[in-house]
Amino acid sequence: MIPFGKRPAPVAGGPFRALLAVAALVVLVPAASAAYNLEDRVQRVTLENGLRILLVERHTSPTVSLYIRHLVGAADEADGQTGAAHLLEHMLFKGTRTIGSKNFKEEERVLKRIRETGTALDLERMKGTRADGAEIKRLEQQLKALQSEAKEWIVENEIDRLYTESGAVGLNASTGQDVTTYKVSLPSNRIELWARIEADRMTNPVLREFYTERDVVMEERRQTYESVPARKLSELFFATAFTANPYRRPIIGWPSDISFLSPDYLESFFRQHHAPGNTVIAIVGDIDAAKTVDMVKKYFGAIPAHPPMVRRVTEEPPQRGQKRVTLVADANPHLIIGWHKPTLPAFEDYVFDVIEALLSKGRTSRFHRSIVQGKQLAEDVSAANGMPGARYPNLFMISGTPRHPHGPDDLEKAIYAELERLKNEPVKKQELDKIVNQLRAEFIRELSSNSGLASRLSYYEIITGDYRYMTRYIEMIEKVTPKDIMEAAKKYLTEENRTVAVLQREVKP
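Thresholds, definitions, all that
All residue numbers here refer to positions counted from 1 along the written sequence of the relevant chain. Local features in this predicted model are restricted to residues whose pLDDT is 70 or higher, and side-chain atom pairs enter the listing and the counts only when it is 80 or higher, whereas totals over whole chains, interfaces and linings include all residues. Only hydrogens and water are set aside when side-chain values are computed; all heavy atoms of the structure are taken into account. Whether two aromatic rings pair depends on their centres lying within 6.5 Å, for rings of Phe, Tyr and Trp, where Trp uses its six-membered ring; planes under 30 degrees apart make the pair stacked, over 60 edge-to-face, and the rest tilted. Two conditions define a charge located above a ring, namely a distance within 6 Å from the ring centre to NZ of Lys or CZ of Arg, and an angle within 35 degrees of the ring normal. Here, the term nonpolar core denotes a set of buried Ala, Val, Leu, Ile, Met, Phe, Trp, Tyr and Cys residues that are joined through side-chain atoms within 4.5 Å. Any residue under 20% of the maximum accessible area for its type is buried, any over 50% is exposed, and the rest in between are partly exposed; the area is computed with a 1.4 Å probe on protein chains only. Runs of E in the DSSP output that reach at least two residues are strands. Runs of H or I that reach at least four are helices, and both are numbered from the N terminus. Pairs of residues are marked as contacts when any of their non-hydrogen atoms sit within 4.5 Å. Paired strands, in this sense, are two strands between which DSSP finds at least two bridges. Lines fitted to C-alpha atoms define the axes here, with helix axes fitted over just the stretch in contact, and angles between the N-to-C directions of these axes take values from 0 to 180 degrees.

Asks: Help me get a handle on the packing of aromatic side chains, residues and values and all.
Replies: Each pair of aromatic rings is reported with the distance of its centres and the angle of its planes. The tally for this structure, following the rule as stated, stands at 15 aromatic pairs. Grouping aromatic residues by their ring pairs yields a cluster made of Phe347, Tyr350, Tyr459, Tyr460, Tyr469 and Tyr473. When the ring centre of phenylalanine 93 is taken as origin, the NZ or CZ atom of arginine 201, which lies over that ring, is 4.7 Å away. A cation over an aromatic ring shows up here: arginine 231 above the ring of tyrosine 225, its NZ or CZ 4.3 Å from the ring centre.

Listed below in structure tokens is the structure:
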């Protein structure tokens, strides 16, 4: 897993003064006690359609944080359909039959013609060099005219407006390799509004403005991937490290796949993966748990159950030799190294969380003291466990930027020297105790906000099937010994198990 400190920053879910007060109270109690109390306070309810709900009452401020997580991401896409999960996340902000339309009956008539024209246009474009240019031009003009006609019925950004006018903060969504997330924090007396919107979104989404939004995602890819050498290096790195497992795919998708994603495929993908049995909701804040459960049942309970999915994912075969790739670009050099390893809840995953903290957490970490500050070989160098996802065996990853006049080779040698220390010198008790204390403090700090707690509860429930993974995290970290660290380093951080990606500056004549 990625340690708690590496998770995205929680969304602010209420007055800062109140949150700081909660944080101040929480840090006074030991982690084990906090975890025990948390298990005692979480209410877990499963509806008849399979939807799971986690609730925690916290009456420190009149706010509530709400997370919806679907167990679907880039790893679930079919070959040739990469980017579907990410585009679907965009499309679900376009509204429903009752949200985002002035007259859905009239709009639906135009949407049908848009879909027919868009499909015909894609089929013609798929012919490549054999495509009829005149027919493409005709269909493009027809699609543009229909899209203009549809605008007459569209109420743009109505979901965002409904939430904003109700005092929402942190309204957002995200797509990863494993999970798609929708989150928002609201005044606690607005929960019913959230339930009505989100249940409607899970039941009656309308993929309006589909072809326009697909173009937006294509542009997003051009600006944030194609034009950013470090992102391109990362994409190349994962595509090289994984030969068979879907973690090799970029979350945003490959350009040729995105350009032909269809509304028919996205609707099928939605029905299969956004079903109640594949969804977890976490609600944390100023709530009456019993009344909130009744409200969730009222709006979400009628969503039809979907037959359980049988997930069959290609297992990554063992790596039998070092893989090495180079990207040449007009940019500063960069280095990424990764090693295959087990994912949670394997004990070795906890060990690698400790190794990550030991190597790169803060200015007293080994990398900073030795490579950044001591030898001054790098501007930065960091480690990350559990990349790029946690549902399947993943990577322990190290990345860094060499400091001029040093190059990637110098940085790579220095990193390997530090890893040899891990393999051959037991970590001293004082250093290990410091790491455990850091992880314990982060664990407590990140649960202090309603949003942070809702995020963690929903994430571990959807990934592991039991939110209590997080409440037992520190207990497992405290079991890691210097011998465990040496054995894990010797077993996994080997030459034959690693992938190296190097960004080299382009030499111009």
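Asks: Can you lay out the nonpolar core for me, pointing to particular residues and giving the numbers?
Replies: Buried together is how nonpolar side chains tend to be arranged in soluble globular proteins. Grouped together as the largest cluster of nonpolar side chains are 67 residues, with contacts concentrated most on Ile398, Ile415 and Leu457. In terms of residue count, helix α13 (residues 347-360) provides more of this core than any other element does, 8 residues in total. Residues within four places of isoleucine 415 in sequence aside, it is in contact with Leu335, Ile337, Phe367, Ile371, Val381 and Ile398. Formed by 62 residues, the second largest nonpolar core is a distinct cluster that contains Ile68, Ala84, Ala150 and Ile283.

Asks: Which residues make up the sheet that holds strand β10 (residues 394-402), and what values go with them?
Replies: Sheet architecture is open: 5 strands sit in the order β7-β11-β8-β10-β9, paired in mixed fashion. Each of the sheet's edge strands pairs with one partner strand only, and the pair in question is β7 (323-329) and β9 (378-387). Averaged over all pairs of adjacent strands, the angle between their axes in this sheet comes to 15°, without regard to strand direction. Sheet topology places β9 next to β10; 8 bridges connect them, and they run antiparallel. Each bridged residue has a counterpart across the sheet, and for methionine 387 the counterpart in β10 is leucine 395. Here helix α14 (residues 366-374) sits on the sheet in contact with β9 and β10, set at roughly 150° to β9. Packing against the sheet, helix α15 (residues 408-424) makes contact with β7, β8 (334-341), β9, β10 and β11 (498-505), and its axis sits at approximately 35° to β8.

Asks: Help me get a handle on the sheet that holds strand β6 (residues 279-285), residues and values and all.
Replies: Within the open sheet, the 6 strands sit side by side as β1-β2-β6-β3-β5-β4. Their pairing is mixed. Each having just a single partner strand, β1 (43-46) and β4 (169-175) make up the two edges of the open sheet. Across the sheet, the mean angle separating the axes of adjacent strands is 15° when strand polarity is ignored. As defined by bridge partners, β1 adjoins strand β2 (residues 52-57) across 4 bridges and the pair is classed as antiparallel. Bridge pairing links arginine 44 to leucine 54 in β2. In this fold helix α3 (residues 84-91) packs onto β4 and β5 (180-187), with an angle of close to 150° to the strand it touches most, β4. Along the sheet face, helix α12 (residues 289-300) touches β1, β2 and β6 and points at about 155° away from the line of β2.

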